[in-house]
Amino acid sequence: MSEIYDIGYRHYDGPRLGRGHSTRALAVHSLRGVFGLGRPARSKIVPFALVGIMFIPSIVSIAIMALAQQRGIPYSGFAVVMQAVVAIFLAAQAPAVVAPDLRYRVLPLYLSRPVSIAEYVGAKVTAMTVAVFALIAGPLTLAYVGELVVDMPGPPATGEYLGAMLMALVLSLLLSAFGLALASFTPRRGLGVASVITVYLLSSASVPVIYATFAETGNVETAKWAWLANPFWLVDSVQHWLFGTPPHSIEGDYPSGPVSALLLVVLLAVAMLALALRYRKAAAR
Amino acid sequence: MNTVVAGITYRALLGRRRIILLLLLPLALIGLAVLLRLFSADDQSTTVLLMKNFAIGTMLPLLGLIAGTGVIAPEIDDGTIIHLMSKPISRPVIAQTKFLVAASLLAVFAAVPTYVAAWILVGNEDGIAPGFALGSLVAGIAYAAVFLLLGVVTRHAVTIGIIYALVWESLVGNLLAGARTWSIQHWGQAIAAQISDSPFFQADVSLSFAIPALIIVTVGAVLWAGQRLRAFSLTGDE
């Protein structure tokens, strides 16, 4: 327990809970902040409205299963179909996790306690990952429970559901790492929101155009690679490779093989590295 | 119009890394146009699709959001707006100046790249390039006004703006035809369709509705933003 200040006041001699506890406390505090818990009602509107929108397809899906005995959106394609909402959630809430500490320059205060940069960044990424995962996994689980209750003909799609949950976790980690890395480059919340959504729209709006261009001129093999430029389709391609689920791209197939999984790992490493470098610099100020 | 306020606002928006945000999407648009040209997919229908979906559908609202809220929201967030408001400059003039700055940025970063991208693809055929350039200029001015007002009214301006542009204009607008009547980008498309006579491009909103709507929304938003600034109270962040 090394602490840099001791100005002669009476010492604390209660139990010391240690670094793990403080990291966990920071993660929980950040997670509450993502959903606006412990903040005024105005901060709760946006996250909970987006959570509500995410649940609509599941409820419709259950209704279709109950009334028409047909499946709605497949579990494996849920994140891809709802990608705009997930991206808005990420863009709107990622700056709320990182921006205030940077703007009010309280980072040195955190780091003067036994919390290292790695633990600080880890806590923030964990909080955002859990939040995005809850956003995707909640509706998925509701739809699955609905499927069990409705008792569809044939066995329940348990394998597809579990695969989708695993991929939702991977997707959340990728999105959170990238979202926080982008958002942490500015201490202003508005600019952080704008930069995250700009990068997302860049990938989502240009990828179909690039695919169509290459596909029209007969380069279908090259065109497939375009899908990997968008995080949602990238994770879907990994799911396609791992679990053999049908591809949920707008049209066409994904490039086969473990290359997309490799790309995913590389991108995760890049985002983590960017975060580490950014916070090494921010902590020095 | 106050030149000092305008100068400060330009510096705040274009300084340091922030200009990258404004350049990213226009460069991507021109890059896509060059790519389509290289692979000789440069027919009119592709051009109209790229213009409708990427230039006016994605790039314009986002740039409008960045420029429109960017001219005033960071100052309100920081609290430095108090220095500006305590000067003997009328508050509506501050709002109008900031609106003009945002509108001029949109002309440079949205309308010009739109023209260049369309020109790369089809030249000046059937007035597609000038049509979309004018459409995105007029819609960009309206976006600047609306998002400036949003920046004055709420601290969550960027988030609400994104939800309007992505959920209402894109998602709902694609599903329900009625929602397109209340969408700034479709008003811009109505003007683009008036100038261009390409057979591949039809607007969903009539010109007789789009022009009054654009004028009312732009003027109304700027005036209202000025009024809001007149009785502005600085409240603490959450």
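In this text, all values refer to a predicted model and were calculated from it rather than measured experimentally.

Peer 1: So, helix 1 (residues 3-14) of chain B: which residues are in play, and what are the values?
Peer 2: Residues and elements named next belong to chain B. For helix 1, spanning twelve residues, the distance from its first C-alpha to its last is 16 Å, which sits close to the expected 16 Å at 1.5 Å a residue. Among the residues of helix 1, those classed as buried are Val5, Thr9 and Leu13. Projected down its long axis, helix 1 carries its buried residues within an arc of 60 degrees, all on one side. Those residues of helix 1 that are exposed and angled more than 90 degrees off the buried face are Thr3, Val4, Gly7 and Arg11. Residues of helix 1 that are buried make contact with helix 2 (18-38), helix 3 (44-70), helix 5 (81-85) and helix 6 (91-122). Looking at the residues trailing helix 1, positive phi occurs at Arg16, about 50 degrees.

Peer 1: Hey, could you go over the interface of chain A and chain B for me, with residue numbers and the actual values?
Peer 2: Across the boundary between the two partners, chain A contributes 27 residues, which contact 30 residues of chain B. Of all the secondary-structure elements, those providing two or more residues to the side of chain A that touches chain B are helix 2 (41-68), helix 4 (83-103) and helix 8 (189-216) of chain A. Counting residues per element, the side of chain A that touches chain B draws most heavily on helix 8 of chain A, which supplies 17 residues. A per-class count over the side of chain A that touches chain B returns 16 nonpolar, seven polar and four charged.

Peer 1: Describe the UniProt feature "transmembrane region" (unreviewed entry) in chain A, and please don't skip the residues or the numbers.
Peer 2: Residue and element names in this part refer to chain A. The UniProt entry lists residues 45-67, 73-99, 120-141, 161-183, 190-214 and 259-279 under the feature "transmembrane region" (unreviewed entry), expressed in the numbering used here. Taken end to end, residues 120-141 has its terminal C-alpha atoms 30 Å apart, with 100% of it in helix and 0% in strand. In this annotation, residues 161-183 is assigned 100% helix and 0% strand; the end-to-end C-alpha distance for the span is 31 Å.

Peer 1: Break down the nonpolar core for me, with residues and values.
Peer 2: Grouped together as the largest cluster of nonpolar side chains are 167 residues, with contacts concentrated most on Ala91 of chain A together with Leu63, Leu106, Ala144 and Leu148 of chain B. Counting residues per element, this core draws most heavily on helix 7 (residues 128-153) of chain B, which supplies 19 residues. Ignoring any residue separated from it by four or fewer positions in sequence, one finds Leu106 of chain B in contact with Leu63, Gly64, Ala67, Ala111, Gly140, Ile141, Tyr143 and Ala144 of chain B.

What counts as what
- Residues numbered from 1 in each chain as written.
- Chains lettered and ligands numbered in written order.
- Predicted model: local features only at pLDDT ≥ 70, side-chain atom pairs only at ≥ 80, totals over all residues.
- Helix = DSSP H or I, 4+ residues; strand = E, 2+ residues; numbered from the N terminus.
- Expected span 1.5 Å × (residues − 1).
- Buried ≥ 20, exposed ≤ 12 C-beta atoms within 10 Å, placed from the backbone.
- Arc of directions from axis to C-beta.
- Contact = placed C-beta atoms within 7 Å.
- Nonpolar A, V, L, I, M, F, W, Y, C, P; charged D, E, K, R; others polar.
- UniProt positions renumbered as here; feature names shortened; annotations may be inferred.
- Core = buried A, V, L, I, M, F, W, Y, C linked by C-beta atoms within 7 Å.

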